[in-house]
Amino acid sequence: MRRLVVIAATALGLVAVLSQGPVSANGRPPAVQDQSLKALAARHNLAIGTAISNDALAEPQYKAIATREFNSVTHENAMKWESLEPTRGTYNWGPADALMDFAKKNNQKVRGHVLVWHNQLPAWLTEGVANGTISKTELRDLLKKHITTVVKRYKGKIWQWDVVNEAASDPWDTPSEIHLKGFWAQNLGPTYIADAFRWARAADPHALLFYNDYNMEAFGDRGPSDKVWFIYNLIKNLRAQGVPIDGFGSQGHLGTQYGNFDTFQVKEVLDAFSDLGMVSALTEVDVRSQMTAGVQAGDSNEINPRLQASASNFSVLMQACLLNRNCLSYTVWGFTDKHSWVPTWFTNPPEGLATLYDENYQPKRAYNSIKADLVFAGPPHVQPRPRR
Ligand code: XIL
């Protein structure tokens, strides 16, 4: 009996050590500074992911960090409709498949991005609708065909799908009351959302199906211009009608000029979706700053506070995710300032410094902040999430 107990205790000890991640030559887990984000996140059953640019993957340093630090990847552009079907009827699977192979080789999960979005659509589609050669009925059929084709091709290989992306307007749009915006709502009306989720479910019953959007960090006044409240009610109603929406994706594109968020604000939103029976994820985290003249000139008095604020916001999102047991993954939208969409996208005024590593692949404060969160969070306050 005593021997059994000893064996059991030894086995438990081993499990405990194994679940801490890799073990070094002396049998102990490596020191914190030698552990990767993915090893540390594994303790929480949290996936830590990054968007991957196919071009950048050709760089050895980029590839090494993508492999070492992350256990989930997302195609930054390669799975968007314009990339997959640039010419009507001819799918170009090469770049998307290449990242699937990379993920498989490195034992990484894949967040599929994206099935229905108003941006980065092929010109033949948008022009066809504009000039009337593609009717509304045909458009709906084309969407169904696209979703079915893509989801079936990767059936069983995609963990989470971003089925519908950025469907809601912003309070600065006209009218300021939040409404469904963009190409799909304009051409198909609001029913395209339920349709898209049902078609995706039929094509792969096991993938987790997400609604994904930005500016989802905190509830506002729960009035007509509160985007989070709008999305919350939209999803609540659709789920009540049996529409298969499993997950809520909060993109997490933040900017230091807009003020910091608080962990409990973000947690409140994640909890609200959990209470609907859903999982959640932070899907595109980056925290950019304005590249003032001082920042560009290398003035540390201007740079350091911004790096600090960026790190704080990365951390707030991480802590909120850790505090909610249904938050399954935390994905950054690129991990190095060398390959970030921010400087090309936000040019007036110029913005940058948005990611975990600088342009020379040196980890920044943001990297150390989320690493510290992963190291020092644990029971009783933070419990590992159940495997899903
Ligand atoms: C961005 C990519 O990072 C850029 O390379 C591309 O030029 C434009 O799209 N929300 C999303 C992502 O859901 O798909 C966007 O990605 C960033 C905002």
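Reading the values: the criteria
Residues numbered from 1 in each chain as written. Predicted model: local features only at pLDDT ≥ 70, side-chain atom pairs only at ≥ 80, totals over all residues. Heavy atoms only, no water. Near = heavy atom within 4 Å. Polar contact = N/O pair within 3.5 Å; in protein donor to acceptor, adjacent residues only side chain to side chain. Areas by Shrake-Rupley, 256 points an atom, 1.4 Å probe, with all protein chains shown as cover. Salt bridge = Lys/Arg side-chain N within 4 Å of Asp/Glu carboxyl O. Helix = DSSP H or I, 4+ residues; strand = E, 2+ residues; numbered from the N terminus. Disulfide = S-S within 2.5 Å. Buried < 20%, exposed > 50% of the residue type's maximum accessible area, 1.4 Å probe, protein only. Core = buried A, V, L, I, M, F, W, Y, C linked by side-chain atoms within 4.5 Å. Contact = heavy atoms within 4.5 Å. Phe/Tyr/Trp six-rings, centres within 6.5 Å; stacked < 30°, edge-to-face > 60°. Pairing = 2+ DSSP bridges. Expected span 1.5 Å × (residues − 1). Arc of directions from axis to C-beta.

Trainee: Hey, could you go over the site of the ligand for me, with residue numbers and the actual values?
Mentor: Not every one of the 14 residues close to the ligand is listed here, only the nearest: Glu76, Lys80, His113, Asn165 and Glu284. Within the side chain of His113, an N or O atom sits 2.7 Å from an oxygen atom of the ligand. Interatomic distance of 2.9 Å between a side-chain N/O atom of Asn165 and an oxygen atom of the ligand. Against a free-state accessible area of 420 Å², the protein chains account for coverage of 86% of the ligand.

Trainee: Hey, could you go over the pattern of salt bridges for me, with residue numbers and the actual values?
Mentor: For the structure on display, the rule yields 15 salt bridges. For Lys181, the salt bridge is made with Asp170, and the minimal N-O distance between the two is 3.9 Å. With Lys181 in the loop between strand 4 (160-165) and helix 8 (182-188) and Asp170 in the loop between strand 4 and helix 8, the pair connects residues that are eleven residues apart, well separated along the chain. What you see here is one network of salt bridges that share partners, running through Asp170, Lys181, Asp213 and Lys227.

Trainee: Residues and numbers for the state of the cysteines, please.
Mentor: Applying the stated criterion to the full structure yields one disulfide. A sulfur-sulfur separation of 2.1 Å characterises the disulfide bridge that pairs Cys321 with Cys327. Between Cys321 and Cys327, the disulfide has an S-S torsion of -95° and is therefore left-handed. As far as burial versus exposure is concerned, Cys321 and Cys327 are alike and both buried.

Trainee: Which residues make up unusual backbone geometry, and what values do they have?
Mentor: In the segment running from Asn348 into Pro349, the intervening peptide bond is cis, with an omega of 0°. Position of Pro349 among the secondary structure elements: in the loop between helix 14 (342-345) and strand 10 (351-352). Pro380 follows Pro379 through a cis peptide bond whose omega is 5°. Looking at the element boundaries, Pro380 is found in the segment after helix 15 (365-376). Not every positive phi belongs to a glycine, and Asn107 is a case in point at roughly 60°. Here Asn107 falls in the exposed class, since its relative accessible area comes to 69%.

Trainee: Report on the nonpolar core, specifying residues and quantitative values.
Mentor: With 104 residues, the main nonpolar core has Leu125, Trp161, Val164, Trp184, Tyr330 and Leu356 as its most contacted residues. Setting aside chain neighbours within four positions, we find Val164 in contact with Val116, Tyr192, Ile193, Ala196, Phe197, Phe210, Tyr211 and Asn212.

Trainee: Summarise the packing of aromatic side chains; cite the residues concerned and give the values.
Mentor: Scanning all chains against the criterion turns up 16 aromatic pairs. With a centroid separation of 6.0 Å and 75° between ring planes, the pair formed by Phe219 and Trp229 is classed as edge-to-face. A residue pair is termed long-range when its members are at least 10 positions apart, and Phe219 in the loop between strand 5 (208-213) and helix 10 (227-240) and Trp229 in helix 10 qualify at ten residues. Judged by relative accessible area, which is 12%, Phe219 ranks as buried. Overall, the relative accessible area of 26% leaves Trp229 in the partly exposed class. Where Phe248 meets Phe273, the ring centres are 3.8 Å apart and the plane angle is 5°; that geometry is what we call stacked.

Trainee: If you had to explain the pairing of strand 6 (residues 247-250) to someone new, which residues and values would you point to?
Mentor: In regular strands, side chains alternate between the two faces of the sheet. Side chains of strand 6 alternate between two faces, with Gly247 and Gly249 and Phe248 and Ser250 buried alike. Both strand 5 and strand 6 contribute to a ladder of four bridges, which runs parallel. Directly across from Tyr211, in strand 6, lies its bridge partner Phe248. In the sheet, strand 6 pairs with strand 8 (residues 279-290) via four bridges, with the strands oriented parallel. Among the inter-strand pairings, Gly249 is bridged to a residue of strand 8, identified as Ala281.

Trainee: Give me the lowdown on helix 10, citing residues and values where you can.
Mentor: Taking 1.5 Å per residue, 14 residues should reach 20 Å; helix 10 reaches 20 Å between its end C-alpha atoms and fits that length. Among all positions of helix 10, only Lys227, Val228, Ile231, Tyr232, Leu234, Ile235 and Leu238 are buried. The arc that holds the buried residues of helix 10, viewed along the axis, is 165°, so those residues lie on one side. In this structure, the buried residues of helix 10 make contact with helix 9 (192-203), strand 5, strand 6 and helix 11 (263-275). A distance of 3.2 Å separates the backbone nitrogen of Val228 from a side-chain oxygen at the start of helix 10, and that oxygen is part of Asp226.

Trainee: Tell me about the pairing of strand 8, residues and numbers included.
Mentor: Counting buried residues in strand 8 gives eleven out of twelve residues, a clear majority hidden from the surface. Two elements, strand 7 (residues 253-255) and strand 8, share three bridges in a ladder whose sense is parallel. Paired with Gly255 across the bridge in strand 8 is Arg288. Relative to strand 9 (residues 327-332), strand 8 runs parallel, the two sharing four bridges. Across the sheet, residue Val285 finds its bridge partner in strand 9, namely Val332. Bridging between strand 8 and strand 10 involves two bridges; their strand directions are antiparallel. Directly across from Ser289, in strand 10, lies its bridge partner Gly352.

Read these as spatial facts, not as claims about activity.
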